[in-house]
Amino acid sequence: MEWQPDEQGLQQVLQLLRDSQSPNTATQRAVQQKLEQLNQFPDFNNYLIFVLTRLKTEDEPTRSLSGLILKNNVKVHYQNFPPGVAHFIKQECLNNIGDPSPLIRATIGILITTISTKGELQTWPELLPQLCNMLNSEDYNICEGSFGALQKICEDSSELLDSDALNRPLNIMIPKFLQFFKHCSPKIRSHAIACVNQFIIGRAQALMDNIDTFIESLFALAADEDSEVRKNVCRALVMLLEVRVDRLIPHMRSIVEYMLQRTQDPDENVSLEACEFWLTLAEQPICKDALSGHLAQLVPVLVNGMKYSEIDIILLKGDVEEDEAVPDNEQDIKPRFHKSRTVTLRHEGDEAEEGEDSDDDDDDDDDSLSDWNLRKCSAAALDVLANVFRDELLPHLLPVLKELLFHPDWVSKESGILVLGAIAEGCMQDMVLYLPELIPHLIQCLCDKKALVRSIACWTLSRYAHWVVSQPPDSYLKPLMTELLKRILDSNKRVQEAACSAFATLEEEACTELVPYLSFILDTLVFAFGKYQHKNLLILYDAIGTLADSVGHHLNQPEYIQKLMPPLIQKWNELKDEDKDLFPLLECLSSVATALQSGFLPYCEPVYQRCVTLVQKNLAQAMMYNQQPDQYESPDKDFMIVALDLLSGLAEGLGAHVEQLVTRSNIMTLLFQCMQDTMPEVRQSSFALLGDLTKACFLHVKPCVAEFMPVLGVNLNPEFISVCNNATWAIGEIAIQMGTEMQPFVALVLNNLVEIINRPNTPKTLLENTAITIGRLGYVCPQEVAPVLPQFIRPWCTSLRNIRDNEEKDSAFRGICIMIGVNPGGVVQDFIFFCDAVASWVTPKDDLRDMFYKILHGFKDQVGEDNWQQFSEQFPPQLKERLSACYALLAGQICGRVTVCLWELPAVGAKDV
């Protein structure tokens, strides 16, 4: 017999549904408790589906709410539903998919797809055939309801639908959907395209078999009067550009012209979807050919899309100029994630020694409009196209730009400044001509009466910071810095944020150029501490940390320390151990401690102790959670990671002074636990700290080496690049300190290191650290490492040729020279690579230069003048010159030193150069 509700029970459920729409918090809590009680009764879900599908006397929001509560129950408890209840719900859904109300149809569709994602696509065999059959119904509601459900299933289960598990239903579904592209109802046409679109990126075979029909059908709908249809057509073409550009190329001219129209569509949902086309096209090799003839039309369209719309300005409170006293809404503050420390080496021509390339989002600064919109998409498209076309773009852009930048209307002027920032990277070479005039204009815009103009001027100026710094400081750097510092103290919070971020970029570019202005800079940043609301305070920490990274030990002056440290320590004392604001503050303090070195000593003890406590608490919480997960919460390990990184900063900054702090703590025991944590980022930061403690106070590390080395060996796994990188670096630091005592541990790590250095596509930083560590192991234990010299010498040499002269490089090259002495034959086949690596040294120490000299001349003397002549012909001209100048190494040159014979005569001419 069919299930029927009990009248009293039905009234109870209806009352609950009405109460749940109350805004009162106490009522909501009571509803939640009642729901949990009712979920104990198996047929409660029958009441919910009954209200949704049968109780047409009730208002639609109540019926829909009943369906949504049922959907949540399906998500959480479906496996516990009795078979009779599950069957009744599924039957009711299919029987009522054509409800007259669009809201109820949509709710039933959501319920169907939720059931199907619980593994029911396989055990509900009639679902897809019935829905597909109902598409043929003369009743619009049934057709639309079925399509709505199918669209949701296609979105949620696209891979399963294209698998053998279901006997590949797409072979029937795709041709069926394509028939409905011509349906008289725009809603149905839109559903049909949206269904097929789900299978483009996955290259479903059933779609690939019908690809030409699909593309023809899309073209037929190009001018559809319905905006949702046009949006789905644009979306399809953008995805096809990624996966089947071969099929679009014959029609590319028409498609580009169509997308130009659609990017100007009055409906922003359509124009945004169309604008994605230019972003995607820029990544295709055909981009230049496809767009060369269209730049004159495309550039103004993109520029026009970069203007704030009226709704943008309302959302951004563009008419509010002063809001510095208004507390931030905590929901507006994005969660911050700490980026664990990665140890990198300094390269020729760059300043940064620590950390990786910034991958900050370089788009403009509408953070509170974080949704992707036409303005952001247009700016991103112009940015990537500037990188493709470079100077070819400027002739089309400059006339528009000139008009906008000096426009009396602030919205137009603001968009011009954004355009200038968007093209900075791609068009920099040709923009240099105009910058002497434009930079002063932009600096003037920092004083504009509109806050949104001031904030975008900050961002755009930051994009040209590299050029500003390359000019004499008085020309642009000083005026820019002066105005940016004023904007850091702006009365508008958005401007404060933009100025802080821009100033951090300027700091990274200017580095020690800022030293003369440190007092003025610190006065401003410290004043901002007392002025800023919560969100901008977090960005201020970044600006201070970046300043410390940029000027380094120049910050270690009593006057500067006295300005900077009291407010930082005050914030440090105010924050509780579980406050996530500790993340940016700890990062900032880590940079400050490294820069201040001994200047940080008066503040180090409480900071050090708190970091150790944070690590200890986090480990204890993790242990309790692992033992009783239902009793305890999983800890937020970011607290531990950020504490480990600050301890690294202290060890690096304080050097030997950190020894007394380590003595009075159990950090080595904690570090051993952290090194074995399941979370890669924890291990990554642990190995960085281990390396820094090894350098600062090896006396405390040495007793633990036998315990630590197997753990380090296990983490030489390039699947976790940053973990592997830091473990490698720590092994090298330990080797230098251990000397010959490292011998028992070489076998634990050597094979993995040799494997990593020979691995294709290994990131540069990891290759460099691996090469340094192999060299250092060879330096202290040459007998153990030299036998495998032929297995790594070539990648070793190529990895280290671009590293700056420094202590790490010095010890590694000494190691390679000693290993060549032990196993001279190991370098013979790749000797040209060794020559090239030696030539990369600018000023090696005298005794290292002598080692190079002896090896080079030993090789030359051993092979004889004729063979050397033949061999050295393979050298690029620059290498010849350098070796000749530094090591008197040209055919016929007389060397005035005694050389050492190292080799048997090698076969010259078989070298793979």
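Here, the structure is the one placed above.
Computed from a predicted model, the values in this text were never measured in an experiment.

Let's shift gears to the nonpolar core. Ranked by size, the top nonpolar core spans 324 residues in total, and within it Trp278, Phe600 and Met742 carry the most contacts. In terms of residue count, the dominant contributor to this core is helix α35 (residues 638–654) (11 residues). In contact with Met742, not counting residues within four places along its chain, are Met709, Ile731, Ile734, Ala735, Leu777, Val780 and Cys781.

So, on to empty space enclosed by the protein. For the coordinates displayed, the defined rule picks out 1 cavity of 30 Å³ or more. The calculated volume of the largest cavity comes to roughly 40 Å³. Forming the boundary of the largest cavity are Tyr608, Leu647, Ala651, Val658, Ile667, Leu689 and Leu693. Those elements giving two or more residues to the lining of the largest cavity turn out to be α35 and α38 (680–696). When its residues are assigned to classes, the lining of the largest cavity shows 7 nonpolar, no polar and no charged.

It is worth spelling out the environment of Phe177 at this point. Structurally, Phe177 can be placed in helix α10 (residues 170–179). Separated by 626 residues in sequence, Phe177 and Ile803 have C-alpha atoms that sit 59 Å apart. Discounting chain neighbours no more than four positions away, the residues touching Phe177 are Leu135, Phe147, Leu150, Cys154, Ala192, Cys195 and Val196.

This part is about the side chain of Thr62. Residue position: Thr62 is located in helix α4 (residues 60–77). Polar side-chain contacts of Thr62 include one of 3.0 Å to the side chain of Asp59. Not counting residues within four places of it along the chain, the set of residues in contact with Thr62 comprises Leu17 and Gln21.

Taken together, the side chains of Ile311, Ile314 and Leu315 define a hydrophobic patch exposed on the protein surface, amounting to about 320 Å² of accessible area. Within the element layout of this structure, Ile314 appears in helix α20 (residues 310–315).

Scanning the entire structure with this criterion turns up 0 disulfides. No disulfide involves Cys445; its nearest neighbouring cysteine sulfur is the one of Cys447, lying 8.9 Å away. Looking at Cys445, the relative accessible area reads 3%, which means it is buried.

Quick look at the side chain of Ser462 now. On the secondary structure map, Ser462 appears in helix α26 (residues 451–463). Apart from the residues lying within four places of it in its own chain, the contact partners of Ser462 are Ala502 and Thr505.

Definitions and limits used
- Residues numbered from 1 in each chain as written.
- Predicted model: local features only at pLDDT ≥ 70, side-chain atom pairs only at ≥ 80, totals over all residues.
- Heavy atoms only, no water.
- Core = buried A, V, L, I, M, F, W, Y, C linked by side-chain atoms within 4.5 Å.
- Buried < 20%, exposed > 50% of the residue type's maximum accessible area, 1.4 Å probe, protein only.
- Helix = DSSP H or I, 4+ residues; strand = E, 2+ residues; numbered from the N terminus.
- Contact = heavy atoms within 4.5 Å.
- 1 Å grid on protein atoms, 1.4 Å probe; cavity = no way out; pocket = protein on both sides within 12 Å on 5 of 7 lines; lining within 4 Å.
- Points joined across faces, edges and corners; volume = space filled by probe spheres on them.
- Nonpolar A, V, L, I, M, F, W, Y, C, P; charged D, E, K, R; others polar.
- Polar contact = N/O pair within 3.5 Å; in protein donor to acceptor, adjacent residues only side chain to side chain.
- Patch = residues over 30% accessible without salt bridge, like charges linked within 9 Å, V, L, I, M, F, W, Y side chains within 5 Å.
- Areas by Shrake-Rupley, 256 points an atom, 1.4 Å probe, with all protein chains shown as cover.
- Salt bridge = Lys/Arg side-chain N within 4 Å of Asp/Glu carboxyl O.
- Disulfide = S-S within 2.5 Å.

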